[in-house]
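Listed below, chain by chain, are the residues.
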Amino acid sequence: VSTQSTWDLKNKMSEKKIVEEEKGLPESSDAYFSEAQKLRSEGKYEEALENLEKALRLKQEQYGENSIECTKICKEVCEITNTLAMAYLNKNDYEVSLKMLQRAQVLCESNEQAKAITYNNIACYYRKIGKLKLALNFLQNALQIEKKLAVAENAADTHLNICAVLSQLNKHDLALLHATSAVAILQELMLSSVTLHPDRFAVLAIAYHNIGVEQEFLKRNDAALVSYRKAMIFAEKHMGPNDNISNNLRNVYLTACTELGIGERGGMSASPSHGIITGSELKSEAKEAKESPEDKDELSQEPVPEKEEELKPETSTEGKSKQNTISPSYY
């Protein structure tokens, strides 16, 4: 090969690389993705989302919307969108939270695990704005999806969210069954060889607490005290006595001892004053939900007995206690 031919070949390769970079193929899309990962690790979720959206557009142009490359980025976008949706929900910015959840719902169509998580987050949105029946509908759809997944550890969170919604609807027998199911799932995982995320211990402590709340609503006071004590001891053992959740559960137990008339310390209150802690929100207090006359579905579901407006899964009276809630991003 002549020197001139080699030179021409190098020039062509260089020109091709420049064209690819100008088009964002594929080096630029990978660069956007890497930058997004870095920003995400720093907690800069909005900037990370912006970079991921750019990477996704470039991958779609190069490989097509249904490619493996696009699916990978869609999963990342869905995760961050869910995280941001819950952050805005905790700030009571319902409009932005709704838009984020609508975006996540579109992105999660090809990923069942992401879909179940998104449905849980949509349920948190509806629960917070007082549309309990719609929240329950999404949670039931999430649970059906999780039953088909190989690892069902997140199903415990879904059971606890269902427990919280049913409790607000005064369906305490059913709520107790779901809290008990959450405990069974997490205990089985603890006995298996699966390496659990540290937050699973917090969720199990909360599940014991939820059982106590429902038992107290059902006037099973002795059993409720046993459950509150179990929640406190478990939290102190696995998270330490100074952890916020441990402190909270200790206060719950001591309050229950007073209210349930242990020894000479007071009598039974009309309903548990310490509230429900759910599996998908933990450190912020949500307002008491008041169901609107028309539970319109802004994130559309199927089937929905009420009139649809805008979010979709496939397929009253409320408690007086305040809800202490943890935010669902399980990723």
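Residues numbered from 1 in each chain as written. Predicted model: local features only at pLDDT ≥ 70, side-chain atom pairs only at ≥ 80, totals over all residues. Heavy atoms only, no water.

1. Considering unusual backbone geometry
To be explicit about the condition: By the criteria applied, helices consist of DSSP H or I runs no shorter than four residues and strands consist of E runs no shorter than two, each listed in order from the N terminus. Burial classification: accessible surface area is computed with a 1.4 Å probe over protein chains only, and a residue below 20% of its type maximum counts as buried, one above 50% as exposed, and the rest as partly exposed.
Residues other than glycine seldom take positive phi values, yet Asn 92 does so here, at roughly 65 degrees. Along the chain, the position of Asn 92 falls in the loop between helix H4 (68-90) and helix H5 (94-107). Although it is not a glycine, Asn 170 adopts a positive phi angle of roughly 65 degrees. When you line up the elements, Asn 170 lands in the loop between helix H8 (155-168) and helix H9 (172-191). Exposure remark for Asn 170: the relative accessible area of 37% places this residue in the partly exposed category.

2. What to know about the pattern of salt bridges
How we decide: Within this document, salt bridges are pairs made up of a side-chain nitrogen of Lys or Arg and a carboxyl oxygen of Asp or Glu, the two lying within 4 Å of each other.
This structure, assessed with the given rule, holds 15 salt bridges. Residue Glu 79 is joined to Lys 75 by a salt bridge in which the shortest nitrogen-to-oxygen separation is 2.5 Å. Remark: Lys 75 and Glu 79 occur in helix H4; sequence separation between them is four residues, near one turn of the helix. Classification of Lys 75 by relative accessible area gives partly exposed; the value is 35%. Note that Glu 95 is salt-bridged to Lys 99, the shortest N-O span being 3.6 Å. Linking Glu 95 with Lys 99, this pair stays in helix H5, spanning four residues, or about one helical turn. Residue Lys 99 is classed as exposed on the basis of its relative accessible area, which comes to 52%.

3. So, the nonpolar core
One recurring pattern in soluble globular proteins is that nonpolar side chains are buried together. The cut-off we apply is this: Here, nonpolar core means buried Ala, Val, Leu, Ile, Met, Phe, Trp, Tyr and Cys residues that are tied together by side-chain atoms lying within 4.5 Å of each other. Any two residues whose heavy atoms approach within 4.5 Å at even a single point are treated as in contact.
Formed by 72 residues in total, the largest nonpolar core has its most connected members in Leu 52, Ile 73, Tyr 126, Leu 160 and Val 165. Among residues more than four places away in sequence, those in contact with Leu 52 are Phe 33, Ala 36, Ile 73, Glu 76, Val 77 and Ile 80. Counting residues in each nonpolar core, the second largest holds eleven residues, with Leu 225, Met 232, Tyr 253 and Ala 256 among its members.

4. Brief notes about the layout of surface pockets
Note the cut-off: Here a cavity denotes grid points, spaced 1 Å and computed from the protein atoms alone, that fit a 1.4 Å probe unable to get out, and a pocket denotes an open set having protein on both sides within 12 Å along at least 5 of 7 lines; residues with an atom within 4 Å of a point are the lining. Grid points are joined across faces, edges and corners, and a volume is the space filled by probe spheres set on the points.
If you add up the space inside the second largest pocket, you get close to 240 Å³. Elements supplying a minimum of two residues to the lining of the second largest pocket: helix H3 (45-63), H4 and H5.

5. Concerning the packing of H8 against H9
For the record, the criterion: Every angle, taken between N-to-C directions, lies between 0 and 180 degrees, and every axis is a line fitted to C-alpha atoms, over only the stretch in contact when it is a helix. For this classification, under 35 degrees means roughly parallel, over 145 means roughly antiparallel, 65 to 115 means roughly perpendicular, and everything else is oblique. Less than a right angle of anticlockwise turn of the near helix away from the far helix marks a crossing as left-handed, whereas a clockwise turn marks it as right-handed. Gly is put with the polar residues, along with every residue not named as nonpolar or charged; the nonpolar set is Ala, Val, Leu, Ile, Met, Phe, Trp, Tyr, Cys and Pro, and the charged set is Asp, Glu, Lys and Arg.
Running from N to C, H8 and H9 cross one another at 165 degrees; their axes reach a closest spacing of 8 Å. With respect to their mutual orientation, H8 and H9 come out roughly antiparallel. Pair H8 / H9 crosses with left-handed handedness. In this structure, H8 uses Ala 155, Ala 156, His 159, Leu 160, Ile 162, Cys 163, Leu 166 and Ser 167 to contact H9, whose residues at the interface are His 172, Leu 174, Ala 175, His 178, Ala 179, Ser 181, Ala 182, Ile 185 and Leu 186. Its residues assigned to classes, the contact of H8 with H9 shows twelve nonpolar, five polar and no charged.

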